[in-house]
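Chains, contacts and geometry: an overview
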Amino acid sequence: MNAVADKNLMPADANANERGLLRFITAGSVDDGKSTLIGRLLFDSKGIFADQLDAISRARHKRTVGDMVDLSLLTDGLEAEREQGITIDVAYRYFATPKRKFIIADAPGHEQYTRNMVTGASTADAVIILVDVSKVKFDDDGKAELLIQTKRHSTIAKLLQIEHVIVAVNKMDLVDYDASVYDRIVTAYEVFAAQLGLKNVRPIPLSALAGDNVVTRSEKMPWYSGPTLIDLLESLPVHDNEHAQALRFPVQLVARHNGHEANDFRGYMGRVESGTVRKGDKLLVQPTGLSATVKDILTLDGSLESASAGKSVTILLDEYVDISRGDMLVSADAPATVLKQVTADVCWLSEEPLDLRRKYWLKHTTRQVAAKVTSLDSLLDINTQQQYSGDTLPLNGIGRITLNVQQPLAADAYENCRSTGSFILIDEISHQTVAAGMIRLG
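Conventions and cut-offs
Residues numbered from 1 in each chain as written. Predicted model: local features only at pLDDT ≥ 70, side-chain atom pairs only at ≥ 80, totals over all residues. Heavy atoms only, no water. Helix = DSSP H or I, 4+ residues; strand = E, 2+ residues; numbered from the N terminus. Buried < 20%, exposed > 50% of the residue type's maximum accessible area, 1.4 Å probe, protein only. Contact = heavy atoms within 4.5 Å. Areas by Shrake-Rupley, 256 points an atom, 1.4 Å probe, with all protein chains shown as cover. Pairing = 2+ DSSP bridges. Axes fitted to C-alpha atoms, helices over the stretch in contact; angles between N-to-C directions. Phe/Tyr/Trp six-rings, centres within 6.5 Å; stacked < 30°, edge-to-face > 60°. Lys NZ or Arg CZ within 6 Å of the ring centre and 35° of its normal. Patch = residues over 30% accessible without salt bridge, like charges linked within 9 Å, V, L, I, M, F, W, Y side chains within 5 Å. Salt bridge = Lys/Arg side-chain N within 4 Å of Asp/Glu carboxyl O. Lys, Arg positive; Asp, Glu negative; His and termini not counted. Charge placed at Lys NZ, Arg CZ, Asp CG, Glu CD. pLDDT = per-residue confidence, 0-100. Polar contact = N/O pair within 3.5 Å; in protein donor to acceptor, adjacent residues only side chain to side chain. Core = buried A, V, L, I, M, F, W, Y, C linked by side-chain atoms within 4.5 Å. Right-handed = clockwise from strand over helix to strand, strands pointing away.

Moving on to the overall build of the protein chain. What the protein chain contains, in helices and strands, is 8 helices and 24 strands. For the protein chain, with 442 residues in total, the buried portion stands at 53%. Long-range pairs, those at least 24 residues apart, make up 70% of the contacts in the protein chain with a sequence separation of at least 6. A total accessible area of about 19700 Å² is found for the protein chain, and carbon and sulfur atoms account for 48% of it.

See the structure below:
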């Protein structure tokens, strides 16, 4: 399990090849057209059923006029979302083209629901950041000024190490498909992206409502020679670094026999988060440091010679060693870093600000330990990307903290391994998730 977001929310396809499965999320400010864009993608790529189309065409809360279908209702499934015309929860949709399978996360744009965007983005390969041309302000020199939510979501994408960033300049129909407006917005975003350190930024002009440059190339923007959105999504490379990394196997459950068998079966169940485990491999148990050898690798289909990242298995060892839930089996020649003090960048998700006097639970892979934030080292200014000092971390704030944990963690830097480099903080009293963290080493 990824500590920032349970991977069960976005099912993994361990056998997907490089062009097989792409997970992406839409982000941006309120009413930028995120849900409509996803609805348009599903509609134009024949990704919805006739009864779904019939249902939304008769919906009470449609916001389009006449017979035009409100495609945003395909993802805004909650009654409160439809009544208010906003997205509240993260909605996941699945569709496929002849070239690729997709899992889409439609994240809310309201600032108060930024925590939901963090959840959806934590497992994404790409992010589509929508910019509504009708909301962008221009100064006297004609320079565009980006909205704060656009900057916040871009900053989160950078922190979460999302590989591809697509800047979808939406509602081009409202400015008569003016190329100069598009160019000024793209220039402003490129300046901010350079300041942020974002790479692989790809801009595209479109109109989700009208369908321009989403699946079909628009004849109204002859000045744009790039790909349509679906063509771009189909062509994005996804580098599965988890398979090439050292073994990380957090133990979820210790399985014993049912008490009526003579053999003393002891298996360690979990999901291979990175690397590959093979029969005969020499492993370390962390954080204890005990050595062990792989005797067998079991699944419901029988024994395996090896298992790679994304595979859920039961590992049997030659040795009898003390292992329990929360321990991690790792490569003997490339172990994780054992930490009692953790430095991390966090997104604060609670309405109650960070309080250095309070105690929290830290959930890292399958391990949950008591933790105390000893210092708030710095806060990040979303507009300037500058670090500054402060006394507390408010809702949606981003900062760097130092924590002491009661029991040691076997962890990696987030940039090296998402699963073992991420965690969540849980309030000891309310049991609410208050922060999502990315571990930094060195």
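Having seen the structure, we can now continue with the description.
Our next topic: the sheet that holds strand E1 (residues 21–28). The strand order across the open sheet formed by 6 strands is E2-E3-E1-E4-E7-E8, and the pairing between neighbours is mixed. With one partner strand each, in any of the chains shown, strand E2 (91–96) and strand E8 (201–205) form the two edges of the open sheet. Each neighbouring strand pair of the sheet contributes to a mean axis angle of 25°, computed without reference to strand direction. Direction of pairing for E2 relative to strand E3 (residues 101–106): antiparallel, over a ladder of 6 bridges. Looking at the pairing, Arg 93 lines up with Ile 104 of E3. Sheet strands in contact with helix H1 (residues 34–44) are E1, E2, E3 and strand E4 (126–132), and its direction is about 160° off that of E3.

Summed over the entire model, instances satisfying the criterion amount to 5 aromatic pairs. With a centroid separation of 6.1 Å and an interplanar angle of 80°, the aromatic rings of Phe 24 and Phe 102 are classed as edge-to-face. Here Phe 24, found in strand E1, pairs with Phe 102, found in strand E3; they are 78 residues apart in sequence, far enough to count as distant. Take Phe 24: its relative accessible area is 0%, and that puts it in the buried class. With relative accessibility at 2%, the residue Phe 102 sits in the buried group. What links up through ring pairs into an aromatic cluster is the set Phe 24, Phe 95 and Phe 102. Here the guanidinium or amino end of Arg 184 rests over the ring plane of Phe 138, the centre of that ring lying 4.4 Å away.

Once that is clear, we can look at the environment of Gly 275. In this structure, Gly 275 sits in the loop between strand E10 (266–271) and strand E11 (276–278). With relative accessibility at 0%, the residue Gly 275 sits in the buried group. Aside from chain neighbours lying at most four places away, what touches Gly 275 is Glu 242, His 243, Gln 245, Ala 246, Leu 247, Ala 307, Ser 308 and Ala 309.

Turning to a negative patch on the surface, a few remarks are in order. Where like charges cluster on the molecular surface, the negative patch consists of Asp 139, Asp 140, Asp 141 and Glu 145. For Glu 145, the location among the structural elements is in strand E6 (residues 144–145).

The next point concerns the confidence of the model for the protein chain. Averaged over all residues, the pLDDT of the protein chain equals 84, while 83% of them reach at least 70. Counting contacts from residues 1–18, a segment whose pLDDT is below 50, to residues more than four positions away or on other chains yields 54 contacts. Of the regions scoring below 50 in pLDDT, residues 76–88 engages in 33 contacts with residues more than four places distant in sequence or in other chains.

A word on the side chain of Ser 154. Relative to the elements of secondary structure, Ser 154 occurs in helix H5 (residues 148–159). Polar contacts involving the side chain of Ser 154 include one to the side chain of Tyr 189, which spans 2.7 Å. Among all residues touching Ser 154, those that are not within four sequence positions of it are Ile 129, Tyr 189, Phe 192, Leu 196 and Leu 198.

Ranked by size, the top nonpolar core spans 72 residues in total, and within it Phe 24, Ile 128, Leu 229 and Leu 233 carry the most contacts. Apart from the residues lying within four places of it in its own chain, the contact partners of Leu 229 are Leu 37, Leu 41, Ile 128, Ile 166, Ile 204, Leu 206, Asn 213 and Val 214. Grouped together as the second largest cluster of nonpolar side chains are 24 residues, Leu 339, Leu 354, Leu 409 and Ala 411 included.

Turning our attention to the pairing of E8. In the sheet, strand E7 (residues 164–170) pairs with E8 via 5 bridges, with the strands oriented parallel. Within E8, the position partnered with Ile 166 by the bridge is Arg 202. In this fold, E7 hands off to helix H6 (residues 179–196), which returns the chain to E8; that crossover is right-handed.

Below, the discussion takes up the pattern of salt bridges. In total, this model carries 11 salt bridges according to the counting rule given. A salt bridge links Asp 132 to Lys 171; its shortest N-O distance comes to 3.0 Å. Of the two residues, Asp 132 sits in strand E4 while Lys 171 sits in the loop between E7 and H6, which places them 39 residues apart along the sequence. Residue class for Asp 132 comes out buried when judged on its relative accessible area of 3%. Residue Asp 327 pairs with Arg 367 through a salt bridge whose shortest N-O separation is 3.3 Å. Placement of the pair is Asp 327 in the loop between strand E16 (312–317) and strand E17 (328–331) and Arg 367 in strand E20 (residues 367–380), with a sequence separation of 40 residues. You'll find Asp 327 and Arg 367 in the same group, each marked buried. Through salt bridges with shared partners, one network takes in Asp 345, Arg 400, Glu 415 and Arg 440.

A word on the pairing of E3. Of all 6 residues in E3, 5 are buried; the element is thus mostly enclosed. Two strands pair when backbone bridges link them, and E1 and E3 are joined in this way by 6 bridges, in the parallel orientation. What sits directly across from Arg 23, in E3, is Ile 103. The turn linking E2 back onto E3 is made up of 4 residues.

Gln 286 connects to Pro 287 through a cis peptide bond whose omega is 15°. Position of Pro 287 relative to the elements: it lies in the loop between strand E12 (282–286) and strand E13 (290–299). The phi angle at Tyr 177 is positive, at roughly 55°, despite the residue not being glycine. Looking at where Tyr 177 falls in the secondary structure, it is placed in the loop between E7 and H6. Assessed through its relative accessible area of 13%, Tyr 177 is described here as buried. Non-glycine residue Thr 365 carries a positive phi angle of around 50°. Tracing the chain through its elements places Thr 365 in the loop between strand E19 (360–364) and E20. By relative accessible area, which is 2% here, Thr 365 ends up buried.

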